[in-house]
Amino acid sequence: MGLTFAAGLSRLGHRVTCVEKDPAKLHALRHGRVPFHEPGLAELVREAREGGLLRFTDDLAGAAPTASVVFCAVGTPPKPNGEADTSAVEEVVEAARRLGSGRLFVIKSTVPVGTTDRVSRRLPGPVVYNPEFLREGSAVEDFFHPYRVVIGTRTPAAAAVLEALYRPLGAPVVRTDPPTAEMIKYASNAFLATKVSFINEIAHICEYVGADVSRVAEGMGLDPRIGPHFLRPGIGFGGSCLPKDLRALLETAREYLLEPALLQAVLRVNEAQRRRFVDRLEVLLEGLADKTVAVLGLAFKAGTDDVRESPALAVAERLLARGAQVRAHDPAALEAAARVLPALSYFAEPYEAVTGADAVLLLTDWPEYRELDWREVRRRVRRPLVVDGRSTGIAPRLAAAGFQVVEPGSPVRGRAPRAEDSEWLT
Ligand code: UGA
């Protein structure tokens, strides 16, 4: 997020210095390499560097003397109890405090409600909370076409500086106080997560009542009050934001002795999705022990090599635990996945991964998989079964290639629902 934002600001004509503390990442950036997969970002960074507007350092004090604004874009990963760990933000604040007064301090990291006001009390200059809404995989596009800009501050002059900065992007601006801005960020991610769990729940019901969930989503989405987005059922939401932010919001609520039942259910449905997916596969294959399963897609979504909280990895891990051999492929996330789950067999070619498989699982919605030669896949597998965990919409093509296809919402046959599948309802 920090790098996309910095390179985007450079494109708007600003001189930006990025402070990176990880020596390996700094080395890569200084040599013109972006150390992760994000479409269009390498080009944007290269242009900005060549134009002399973007540079990299590990020294905030050295970078900041001439800067009029300091943006804090460090991570706020989850602590074991779900609470957001703001220690990296605290470190940046402390460094900014030592720089003295005179510049605007803007927090872009997702921070618990109340953080910005606390930071304001420690810094001599004005402080703003300005959440970021970039998505991985489309971050560059999102930077240039934001749906909105949220500016949370108690200092009107500071808000005016940021409004001017974002004006070229032409997005609606929401000016508010810091706690409201912080809550807009959490509530937005929690709502997106709710939409996904909602449609997953509907898909689960569709499996029993004979309704087609993709047509249900289409029919719902045409109502502008509902909208067509985030209604694709599958193995659930993952990544470094939606699950983490939902848990952090729940933790904040718990501090006030609140019990947000809907948000708790969103997480429980999300966890159940993965379990149901593996249970269903187990029934289809009449057991998983010693079966060979090909997993296509390991990243938490297409367009990224990020496997943090990836539902695909969670499914793969469960398959291993139940005795399956797992042969895995991903166009970008193989290395990242191998670091966290070395027990899978990894293949650089999808056709190799599917060879000899009793089932092929689509677990990340990479467009590459839609374009596969599925007849060739059919020749290589042991059993022609595809279980689509992402509602890719290619079932007709798969069926034409001779596959049995099971996707979210496909009618359940052959077993009565187990009690544990609906335990969250009770
Ligand atoms: C999310 C938000 O969409 C961004 O606006 C926000 O800035 C970002 O978190 C953040 O807080 O930094 P991101 O985590 O990149 O962005 O990914 P999303 O596109 O939101 O997808 C999250 C997960 O939901 C993925 O695992 C995706 O596969 C899943 N999903 C999404 C579904 O299962 N079904 C859908 O219909 C949509």
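See the structure above.
Quick caveat, the model's predicted, so the values are computed rather than measured.

A.B. asks: An account of the nonpolar core is requested, with residue identities and associated values reported.
C.D. replies: One finds Leu281, Leu296, Leu319, Val360, Leu361 and Trp374 to be the most contacted residues of the largest nonpolar core, which totals 50 residues. Leu296 has contacts with His329, Pro350, Ala353, Val354, Val360, Leu361, Leu362, Leu363, Thr364, Tyr369, Leu372 and Trp374, leaving out every residue within four places of it along the chain.

A.B. asks: Lay out the site of the ligand in plain terms, naming residues and giving numbers.
C.D. replies: The ligand sits among 21 residues. The nearest are Leu134, Glu136, Lys185, Asn189 and Cys241. For the ligand, an oxygen atom lies 2.6 Å from a polar atom in the backbone of Leu134. Arg390 is positioned such that a nitrogen or oxygen atom in its side chain is 3.1 Å from an oxygen atom of the ligand. Out of a free accessible area of 710 Å², the ligand has 88% covered by protein chains. The set of elements that each furnish at least two residues to the shell around the ligand consists of α9 (178–209) and α11 (242–255). The biggest single contributor to the shell around the ligand is α9, with four residues. Among the residues forming the shell around the ligand, the class breakdown is ten nonpolar, three polar and eight charged.

A.B. asks: Lay out the sheet that holds strand β11 (residues 359–362) with the relevant residues and their values.
C.D. replies: Either a parallel or an antiparallel arrangement is found when strands of a sheet pair, and the pairing is made through backbone hydrogen bonds. On the basis of which strands lie adjacent, the open sheet formed by six strands has the order β10-β9-β8-β11-β12-β13 and parallel pairing. Two strands bound the open sheet, and with one partner strand each, they are β10 (345–346) and β13 (404–406). The pairing of strand β8 (residues 292–296) with β11 spans four bridges and is parallel. If you follow Leu296 over to β11, its bridge partner there is Leu362. The strands that helix α12 (residues 261–284) touches are β8, β11, β12 (385–388) and β13; relative to β12, the one it contacts most, it runs at about 165 degrees. Lying on the sheet, helix α13 (residues 311–321) is in contact with β8, β9 (325–329) and β11; it crosses β9 at an angle near 155 degrees.

A.B. asks: Please give an account of the sheet that holds strand β5 (residues 127–129) that cites residues and values.
C.D. replies: Pairing within the open sheet is mixed, and its five strands lie in the order β3-β4-β5-β6-β7. Since the sheet does not close on itself, it has two edges, and those belong to β3 (69–72) and β7 (173–176), each with one partner. The sheet shows a mean angle of 25 degrees between the axes of neighbouring strands, taken without regard to direction. Bridge count for β5 against strand β6 (residues 149–153) is two bridges, and the pairing is antiparallel. Of the residues in β6, the one forming a bridge with Val128 is Thr153. On the sheet, helix α8 (residues 156–166) packs against β3, β4 (104–107), β5, β6 and β7 and is oriented at approximately 165 degrees with respect to β6.

A.B. asks: Mind laying out a nonpolar patch on the surface, listing which residues take part and the relevant values?
C.D. replies: A cluster of nonpolar residues, Ile205, Tyr208 and Val209, forms a patch on the protein surface that exposes about 290 Å² of accessible area. Within the element layout of this structure, Ile205 appears in helix α9.

A.B. asks: Residues and numbers for the packing of α9 against α12, please.
C.D. replies: It is at 9 Å that the axes of α9 and α12 come closest, and there the two elements cross at 45 degrees. Considered as vectors, α9 and α12 are oriented oblique to each other. Once α9 is placed against α12, the crossing between them reads as left-handed. Between α9 and α12, the residues in contact are Ala190, Ala193, Thr194, Ser197, Asn200, Glu201, His204 and Glu207 and Leu262, Leu263, Val266, Val269, Asn270, Gln273, Arg276 and Arg280, respectively.

Calculation notes
- Residues numbered from 1 in each chain as written.
- Predicted model: local features only at pLDDT ≥ 70, side-chain atom pairs only at ≥ 80, totals over all residues.
- Heavy atoms only, no water.
- Core = buried A, V, L, I, M, F, W, Y, C linked by side-chain atoms within 4.5 Å.
- Buried < 20%, exposed > 50% of the residue type's maximum accessible area, 1.4 Å probe, protein only.
- Contact = heavy atoms within 4.5 Å.
- Near = heavy atom within 4 Å.
- Polar contact = N/O pair within 3.5 Å; in protein donor to acceptor, adjacent residues only side chain to side chain.
- Areas by Shrake-Rupley, 256 points an atom, 1.4 Å probe, with all protein chains shown as cover.
- Helix = DSSP H or I, 4+ residues; strand = E, 2+ residues; numbered from the N terminus.
- Nonpolar A, V, L, I, M, F, W, Y, C, P; charged D, E, K, R; others polar.
- Pairing = 2+ DSSP bridges.
- Axes fitted to C-alpha atoms, helices over the stretch in contact; angles between N-to-C directions.
- Patch = residues over 30% accessible without salt bridge, like charges linked within 9 Å, V, L, I, M, F, W, Y side chains within 5 Å.
- Salt bridge = Lys/Arg side-chain N within 4 Å of Asp/Glu carboxyl O.
- Parallel < 35°, antiparallel > 145°, perpendicular 65-115°, else oblique.
- Left-handed = near helix turned anticlockwise from the far one by under 90°.

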